[in-house]
Amino acid sequence: MTAVDVSGTIALVAVGLLTLNLLLGLLLSVGYNPKRQWPRRAFKLFTLHNWTAYVAFGAAVLHAGALLFSKDPPFRVYDVLVPIESPVQPFSNNLGAIGFYLVTIVVASSLKRVRTALGRHLWKPIHYTTYAAATVFFVHGVIADPQLKNRPVDVIDAEKIYVEACAALVVGATIWRVAHRRAIRRLARVSAAASHLPTPR
């Protein structure tokens, strides 16, 4: 197994972890309680959400770092951190680098001390950067050649289908979250209107 193979495998793990992290975040945003609902066990969903972010960040670091051990094609540290002159597929690699820096911002701003210093009003919009990072990572995962040979994109390749399925899960869950929020707001408006109705005699 070459360094490129190792990097590609770690990338798939990172995509899966990022997907799981986003799904957990969406559950937290609707007040999901695993003790009252499935799986009816008490565990800290917020802690799991945080740790999936940390591990996903670590996997992204390893994914990029593994390329430094590649001999064909060779990668310099500069090529990994700023892939403008990447030896292969610079556009895709630049997307990967942008996604990594966005995840870095999200993870750094979510550290307890940083989050407290920022305050919720500032932290929350920064945290939404997760969606931008996920979008960039998904596109990067679909268009990148895992063997770094500049082959045409094969969207029905098993690895690509995996990335596409993760993207579809996030899109579907986000649509559900938006619909859920609108339903709650609609119910609140109806309740407020009902409370102002005259009491029947």
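This text goes with the structure placed above it.
On a predicted model such as this, the values are computed, not experimentally measured, just so you know.

Asker: Help me understand the environment of Val107 in this model?
Answerer: Tracing the sequence through the fold places Val107 in helix H4 (residues 90–110). Overall, Val107 belongs to the buried group, its relative accessible area being 13%. For the pair Val107 and Ile184, spaced 77 residues apart in the sequence, the C-alpha separation amounts to 29 Å. Not counting residues within four places of it along the chain, the set of residues in contact with Val107 comprises Ala53, Tyr54 and Phe57.

Asker: In this structure, what is going on with the nonpolar core? I would like to understand it.
Answerer: Side chains that are nonpolar tend, in soluble globular proteins, to be buried together. Judged by nonpolar contacts, the single largest core of 19 residues is most densely connected at Leu18, Leu22, Val103, Ala134, Phe137 and Phe138. Secondary-structure elements contributing two or more residues to this core are helix H1 (3–29), helix H2 (45–66), H4, helix H7 (129–143) and helix H8 (158–195). Ranked by residue count, the leading element in this core is H7, at six residues. Ignoring any residue separated from it by four or fewer positions in sequence, one finds Phe137 in contact with Leu18, Ala60, Gly96, Gly99, Phe100 and Val103. Ranked by size, the runner-up nonpolar core spans six residues in total, among them Val4, Leu67, Val88 and Leu148.

Asker: Can you walk me through H2 in this structure?
Answerer: Spacing of three or four residues puts side chains on the same side of an α-helix, whose turn is 3.6 residues. Taking 1.5 Å of rise per residue, the 22 residues of H2 would be expected to cover 32 Å, and the 31 Å separating its terminal C-alpha atoms lies within 8% of that figure. For H2, the full list of buried residues reads Leu45, His49, Asn50, Thr52, Ala53, Ala56, Ala59, Ala60, His63 and Ala66. On the buried face of H2, the contacting elements are H1, H4, helix H6 (120–127) and H7.

Asker: Before we go on, may I ask you to explain the packing of H1 against H7 in this structure?
Answerer: What describes two packed helices is the angle between their axes and the distance between those same axes. Contact geometry of H1 with H7 gives a least axis separation of 11 Å together with a crossing angle of 150°. Taken together, the axes of H1 and H7 are roughly antiparallel relative to one another. For H1 against H7, the interelement crossing comes out left-handed. Each of Val15, Leu18, Thr19, Asn21, Leu22 and Leu26 in H1 lies in contact with H7, whose residues at this interface are Thr130, Tyr131, Ala134, Phe137 and Phe138. Partitioning the contact of H1 with H7 into residue classes produces eight nonpolar, three polar and no charged.

Asker: Just checking my understanding: could you explain the packing of aromatic side chains for this structure?
Answerer: Any pair of aromatic rings gets described here by the distance separating the centres and the angle formed by the planes. Scanning the entire structure with this criterion turns up four aromatic pairs. Ring geometry for Phe57 and Phe100: centres 5.5 Å apart, planes at 15°, overall stacked. Taken together, the residues Phe57 in helix H2 and Phe100 in helix H4 connect sequence positions 43 residues apart. Since its relative accessible area comes to 24%, Phe57 is described here as partly exposed. An aromatic cluster of at least three residues, connected via ring pairs, comprises Phe57, Phe100 and Tyr101.

Asker: Explain the side chain of His140 here, please?
Answerer: You can see His140 is positioned in helix H7. Using a relative accessible area of 11% as the deciding quantity, one classes His140 as buried. At a separation of 2.7 Å, a polar atom in the side chain of His140 contacts the main-chain carbonyl oxygen of Ser92. Apart from residues no more than four positions distant in its own chain, His140 is found in contact with His63, Ser92, Asn93, Leu95 and Gly96.

Asker: Would you take a moment to explain the packing of H4 against H7 for this structure?
Answerer: Following both chains from N to C, one finds H4 and H7 inclined at 155°, their axes separated by 8 Å at the closest point. Considering their axes alone, H4 and H7 lie roughly antiparallel with respect to each other. Both H4 and H7 take part in a crossing whose hand is left-handed. Across from Phe91, Ser92, Asn93, Leu95, Gly96, Ile98, Gly99, Phe100, Leu102, Val103 and Val106 in H4, the residues of H7 making contact are Thr129, Thr130, Ala132, Ala133, Val136, Phe137, Val139, His140 and Ile143. Across the contact of H4 with H7, the residue classes break down as 13 nonpolar, seven polar and no charged.

Asker: What am I meant to see in the pattern of salt bridges here?
Answerer: Side chains carrying opposite charge are able to pair once their charged atoms draw close together. Following the criterion strictly, the structure yields three salt bridges and no others. For Asp79, the salt bridge goes to Arg76, with nearest N and O atoms at 2.9 Å. On the accessibility criterion, Asp79 (4% relative accessible area) is buried. Note on Arg76: relative accessible area 46%, which makes it partly exposed.

Thresholds, definitions, all that
- Residues numbered from 1 in each chain as written.
- Predicted model: local features only at pLDDT ≥ 70, side-chain atom pairs only at ≥ 80, totals over all residues.
- Heavy atoms only, no water.
- Helix = DSSP H or I, 4+ residues; strand = E, 2+ residues; numbered from the N terminus.
- Buried < 20%, exposed > 50% of the residue type's maximum accessible area, 1.4 Å probe, protein only.
- Contact = heavy atoms within 4.5 Å.
- Core = buried A, V, L, I, M, F, W, Y, C linked by side-chain atoms within 4.5 Å.
- Expected span 1.5 Å × (residues − 1).
- Axes fitted to C-alpha atoms, helices over the stretch in contact; angles between N-to-C directions.
- Parallel < 35°, antiparallel > 145°, perpendicular 65-115°, else oblique.
- Left-handed = near helix turned anticlockwise from the far one by under 90°.
- Nonpolar A, V, L, I, M, F, W, Y, C, P; charged D, E, K, R; others polar.
- Phe/Tyr/Trp six-rings, centres within 6.5 Å; stacked < 30°, edge-to-face > 60°.
- Polar contact = N/O pair within 3.5 Å; in protein donor to acceptor, adjacent residues only side chain to side chain.
- Salt bridge = Lys/Arg side-chain N within 4 Å of Asp/Glu carboxyl O.

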